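# Tertiary structure, described
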Amino acid sequence: MTDEINEPEDSERREFLGKITGAVAGAGVVTACWPFVRSMYPAADILEGGTSTIKLGDIAPGEMKTVSWQGKPVFILHRTDEQIERMVSSEGSNKDPQSDDQRVQDPGWLVVVGLCTHLGCVPLRHGDGWSCPCHGSEYDNSGRVLKGPAPTNLLVPDYRFDDDDAIIIGEA
Ligand code: FES
């Protein structure tokens, strides 16, 4: 008797639980797949022709800003006069010899791809340059490798200064 009375309720409950389970599973699939679906769309900077325009006005002397360009971090360092003097008078290391003026268009601004040239980790700002957390490569404020396993200096991307206090990365 009791079973007969409860049967419709059980059936409704099963149906309700089935719908909830289906909805949760569907949401899980969408969530899990979203990065793959998203990765099929080109990044915003690719849609803009592979360039990124960066305003420089909000980067104070001595400060660094990390921006994204073609999926890579780019460090923009607004160098102080003291930092510039030190980099101009230093020859970097003999691993990848370059003078400071070979690496900058304007001495006040260093623009480098923020990927270690050893295995591609993102170096951390450390003292008067960068230090790579995984294998200890160190770079100066010109992005030149000083020590560690990195074979070359940080890459300088194509960029150009725009008229109104900005740079366009990805354009020579
Ligand atoms: S990736 Fe930077 S030292 Fe190895």
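The coordinates are above.
Each value, and the rule that gives it
Residues numbered from 1 in each chain as written. Predicted model: local features only at pLDDT ≥ 70, side-chain atom pairs only at ≥ 80, totals over all residues. Heavy atoms only, no water. Buried < 20%, exposed > 50% of the residue type's maximum accessible area, 1.4 Å probe, protein only. Helix = DSSP H or I, 4+ residues; strand = E, 2+ residues; numbered from the N terminus. Pairing = 2+ DSSP bridges. Axes fitted to C-alpha atoms, helices over the stretch in contact; angles between N-to-C directions.

## A few points about the pairing of strand β1 (residues 52-55)
Side chains S52 and I54 project from β1 onto a buried face, and the interleaved T53 and K55 project onto a face without burial. As judged from the 4 bridges shared by β1 and strand β10 (residues 166-169), these two strands associate in the antiparallel manner. Looking across to β10, one finds that K55 is bridged to A166.

## Details of the sheet that holds strand β6 (residues 129-131)
Sheet architecture is open: 4 strands sit in the order β5-β6-β7-β8, paired in antiparallel fashion. Single-partner strands in this sheet number two, and they are β5 (124-126) and β8 (145-147). If you compare each strand with its neighbour and ignore which way they point, the axes differ by 35° on average.

## Quick notes on the sheet that holds strand β4 (residues 109-113)
With antiparallel pairing, the 3 strands of this open sheet are ordered in space as β2-β3-β4. Edge positions in the sheet fall to β2 (64-69) and β4, since each of these pairs with one other strand and no more. Averaged over all neighbouring strand pairs, the angle between strand axes comes to 20°, with direction disregarded.

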